[in-house]
Amino acid sequence: MIRVFLADDHPMTRSGIAAYIAKDPGMILVGEAADGSEAWDKIQKLLPQVALMDIRMPQEDGVGVVRKIKDAGLPVFSLMLSSYDAQQYVMASLRAGAKGYVLKTATPEELARAVRTVAGGGIYLDREISRAMEDDYVPEELSSREREVLLYAAKGLSSKQVAQELFISDRTVQTHLASIYDKLGAKNKTEAMLLALKYGVVTLEDLIA
Amino acid sequence: MKSIRRNVIALFLATSLLPLTIVLGVSAAGILAHEQSMRVVARTYVQDLAETVALRYEKDFIMGGASVLTPFFSSLMDPFDRFNLNSFRMPGWVAMINKDGQVLTASPEMEALEDLLPETLPIGSAKEIRGRKGDVFTVAVYPAGKTGWYVLAAVSWEHLLGPMNRFGPLWSFMAIFLGGVSLLGAVLLWKWLVSPLRAMENEMSSLQWGEDAPALCNDTPVDEICRLRSVFFDLAETAIEKRRLMERSVSDMFRIQEAERTHLAREIHDGPLQGVTAFMQQVHLAQREELQGEHDRRLAMAEESARHVVRELRGMCDALSPPWIDLGLSQALTELSERLAVQMEARISLEIEPEREDVPKELVLALFRILQEAVSNAVKHGKAKEIQVKWYSEKGNYIFEVEDNGTGFIPPEDFSKLQYRGHRGLANMAERVKLIRGNFSIQSTIGKGTTLHCVFNPKDWNLLENK
């Protein structure tokens, strides 16, 4: 049984998610919170395996709580639960220490898969965020140079800066990026990073190191 | 009638320099003409004198006989003393000279003139010579018949013309002096009036209205120029202030717009978005439910969520722009006060007397917002339980009044200052009333409550609708 904690300030959605968890025989809801600080207090005591965390909450937002969990080194995997589908939110959550990002409109099965993936040490990203690809889609492998370019880009470096780091021309960097987007089916840098994570092309540690 | 504009230089030339030139020109011509006429008079006189003496002398010579000198000496013995040059009574002097120019006899004053005489003298015509002290003489030489002698006659202008000679130059000095004074006046006029005026005109026309202000009064000694400058300065400052206000209100507008949008996004996120999410969750659960009872319960919960969302959306629409405002003043305010009473948990009484059909929509909307804000302030800040809203007519005006029994406060003197301290509410109400040409005032007593008072004149309503 996976021990799950749920933090969300909207009673209606909270009760819906709680019902999803109750329905799943592999999970058990060990606690609930309606705001960020309540969540942090309870998580410290309950030490759940997975903490389902809303982003926008009173007192303290979900990303802040996730960062606290990571900084405190608690054995808790954080899974963001949000109404927002902005990729920048996803990146911010991952950088703060979240292991997954799932939308509140996800089906019970999707939520269960997300919880299980995260509890198993994996990364889960909602398919509405990293655009719909088959979950078992295996992308063409990135060359080691492309991987390097992607990792530098993930750190927020511009193409010019990446070019300087790798002693290659700006145009070569652009060519590599185009090839990366093509292989992963991404439209921009953030999506490329998220898809690379999803397909296991890069690890979260690599990406946010 | 078409008026012709002339520039200040033309006016300056026409009124100052031109008359001055004419005066000086006429004066100069007058002086020359005067001199000329004096010369003519003196010449005529001297010629007549010389001719007369010459004729007399010739006559005596014929009557007297041989000796060259006899006529002269015999004339000395003349009982009438006609030829005694010493007792010559007419203005002017005479002398007898021979053909070599040697003076034979002369009246005493003539001696002083002897060394001034030029080498040659024209016979029969007159000529001017100038004395040592600048005095002028006219001399003329006439032959004394066949005697071979000549009569030299001279007259001093001073003797002959007296005051005319003396005051003639004085007059010209006066004219030149006056001319000089006028010229000085013209220079000062240019320096103090014409030139500063033109400089000011240049400066004003290069100003960017709403950005620059002209220099304030410099060291000009003309009071009117100084005052004109300060008038322009005030106007320009007003324009600058106006532009600043404009910019500030535009930036306020953008800020408010952004704040509105943020607020709206939050409302949608926390309200309908969560509601629809909950709806989807219940549908998901119902789909996966095998027990009929559980299935129906989930569907009922989904429906409840949807109903909730509908209520929220409706509330948001009402808050954004209530459609029932179109029903007119009475209905709109009634609807609003009933809703507010429920929402804010206060008793609101509303009296609208007399009702008017022609209240402009702008005014209804403004009163609607003012009532909303006033009730919210009264309940939130003043903890009011009872609110009385009145619309009545008084002395041709219409009064809108909101009175509460809250804690009251000390009203600010200047509402516009409030908005910089984050209290937009009162400032907005005041602005709003001003925009629809009303008069806003507020009375509040600590412990007793607050009364908002708005006065409107129906005469302004046409203007509102035309806007």
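Preceding this paragraph is the structure being described.
Note that the structure is a prediction, hence the values are computed from the model and not measured. (Residues numbered from 1 in each chain as written. Chains lettered and ligands numbered in written order. Predicted model: local features only at pLDDT ≥ 70, side-chain atom pairs only at ≥ 80, totals over all residues. Heavy atoms only, no water.)

A.B. asks: Run through the pattern of salt bridges, naming residues and quoting values.
C.D. replies: Within the structure shown, the criterion is met by 27 salt bridges over all chains. Lys42 of chain A is paired through a salt bridge with Glu38 of chain A; the nearest N and O atoms lie 2.8 Å apart. A residue pair is termed a helical-turn pair when its members lie 3 or 4 positions apart in one helix, as Lys42 of chain A and Glu38 of chain A do in helix α2 (residues 36-46) at 4 residues. Taking the relative accessible area as the measure of exposure, Glu38 of chain A reaches 25% and is therefore partly exposed. Linking Glu109 of chain A and Arg288 of chain B is a salt bridge whose minimum nitrogen-to-oxygen distance equals 2.4 Å. (Salt bridge = Lys/Arg side-chain N within 4 Å of Asp/Glu carboxyl O. Helix = DSSP H or I, 4+ residues; strand = E, 2+ residues; numbered from the N terminus. Buried < 20%, exposed > 50% of the residue type's maximum accessible area, 1.4 Å probe, protein only.)

A.B. asks: Which residues make up the nonpolar core, and what values go with them?
C.D. replies: Nonpolar side chains in soluble globular proteins tend to end up buried together. In terms of nonpolar packing, the biggest core is built from 49 residues, with Ile43, Met53, Met80, Tyr101, Leu150, Ile180 and Leu207 of chain A touching the most fellow members. For this core, the element with the highest residue contribution is helix α9 (residues 189-198) of chain A, accounting for 6 residues. When residues no more than four places from it in sequence are discounted, the contact partners of Tyr101 of chain A are Ile55, Leu79, Met80, Ser82, Tyr84, Tyr89, Val90, Ser93, Tyr124, Leu125, Asp126 and Ile129 of chain A. Among the nonpolar cores identified, the runner-up in size contains 42 residues, and Ala332, Ala366, Phe368 and Met429 of chain B belong to it. (Core = buried A, V, L, I, M, F, W, Y, C linked by side-chain atoms within 4.5 Å. Contact = heavy atoms within 4.5 Å.)

A.B. asks: Kindly report on the packing of helix α6 (residues 144-154) of chain A against helix α8 (residues 170-184) of chain A, identifying the contributing residues and their values.
C.D. replies: Residue and element names in this part refer to chain A. In contact at an axis separation of 9 Å, α6 and α8 are set at 95° when each is read in the N-to-C sense. As judged from the angle between their axes, α6 and α8 are roughly perpendicular. In this structure, α6 contributes Arg145, Glu146, Val149 and Leu150 to the contact, and α8 contributes Val173, His176, Leu177, Ser179, Ile180 and Lys183. Taken together, the residues of the contact of α6 with α8 break down into 5 nonpolar, 2 polar and 3 charged. (Axes fitted to C-alpha atoms, helices over the stretch in contact; angles between N-to-C directions. Parallel < 35°, antiparallel > 145°, perpendicular 65-115°, else oblique. Nonpolar A, V, L, I, M, F, W, Y, C, P; charged D, E, K, R; others polar.)

A.B. asks: Provide a residue-level description of the interface of chain A and chain B, including the pertinent values.
C.D. replies: The partner chain B presents 18 residues to the 18 residues of chain A that form the contact. For the pair chain A and chain B, the number of links is 3 salt bridges. The tally of links from chain A across to chain B stands at 10 residue pairs in polar contact (both at pLDDT 80 or more). For the side of chain A that touches chain B, the leading source of residues is helix α1 (residues 11-23) of chain A, giving 8 residues. (Polar contact = N/O pair within 3.5 Å; in protein donor to acceptor, adjacent residues only side chain to side chain.)

A.B. asks: A description of the pairing of strand β7 (residues 386-394) of chain B should follow, citing residues and the corresponding values.
C.D. replies: Residue and element names in this part refer to chain B. Taken together, the 6 bridges between strand β6 (residues 347-352) and β7 define a ladder with parallel strand orientation. For Ile348, the partnering residue across the bridge sits in β7 and is Ile387. Note on the crossover from β6 through helix α9 (residues 361-380) to β7: the handedness is left-handed. Pairing analysis gives 8 bridges linking β7 to strand β8 (residues 397-404), with the strands arranged antiparallel. Across the sheet, residue Ile387 finds its bridge partner in β8, namely Asp404. Turn length for the β7-β8 hairpin, with the two strands adjacent in sequence and antiparallel, is 2 residues, and the turn residue Lys395 shows positive phi of about 50°. (Pairing = 2+ DSSP bridges. Right-handed = clockwise from strand over helix to strand, strands pointing away.)

A.B. asks: So what about the sheet that holds strand β3 (residues 50-54) of chain A? Which residues, and what values?
C.D. replies: Residue and element names in this part refer to chain A. The sheet built from 6 strands is open, its strands ordered β2-β1-β3-β4-β5-β6 with parallel pairing. If you trace the sheet from one side to the other, it starts and ends with β2 (27-33) and β6 (124-125), each paired once. As defined by bridge partners, strand β1 (residues 2-7) adjoins β2 across 6 bridges and the pair is classed as parallel. Counterpart to Leu6 in the pairing with β2 is Glu32. Its contacts with the sheet place α1 against β1, β2, β3 and β4 (77-82), and it is angled at close to 160° to β2.

A.B. asks: Give a detailed account of a negative patch on the surface, specifying residues and quantitative values.
C.D. replies: Residues and elements named next belong to chain B. A cluster of like negative charges, contributed by Glu351, Glu353, Glu355 and Glu357, occupies part of the molecular surface. Relative to the assigned elements, Glu353 resides in the loop between β6 and α9. Residue classification places Glu353 among the exposed positions, given a relative accessible area of 59%. (Patch = residues over 30% accessible without salt bridge, like charges linked within 9 Å, V, L, I, M, F, W, Y side chains within 5 Å. Areas by Shrake-Rupley, 256 points an atom, 1.4 Å probe, with all protein chains shown as cover. Lys, Arg positive; Asp, Glu negative; His and termini not counted. Charge placed at Lys NZ, Arg CZ, Asp CG, Glu CD.)

A.B. asks: Talk me through α9 of chain A; I want residue IDs and the actual numbers.
C.D. replies: Residue and element names in this part refer to chain A. Extensive coverage of α9 is indicated by the burial of 8 of its 10 residues. Residues Thr190, Glu191, Ala192, Met193, Leu194, Leu195, Ala196 and Leu197 constitute the buried set of α9. Backbone nitrogen of Thr190 and a side-chain oxygen of the N-cap are separated by 3.2 Å at the start of α9; the cap is Asn188. A positive phi of about 75° marks Gly200, the residue just after α9.

A.B. asks: Please set out α2 of chain A residue by residue, giving values where relevant.
C.D. replies: Residue and element names in this part refer to chain A. For α2, the set of buried residues is Gly36, Ala39, Trp40 and Ile43. Mapping the buried residues of α2 onto a view down its axis gives an arc of 100°, with all of them on the same face. Residues of α2 that are buried in the fold lie against β1, β2, β3 and α3 (62-72). Residue Leu47 follows α2 closely and has a positive phi angle near 40°. (Arc of directions from axis to C-beta.)

Everything listed here is a matter of geometry and, on its own, says nothing about what the molecule does.
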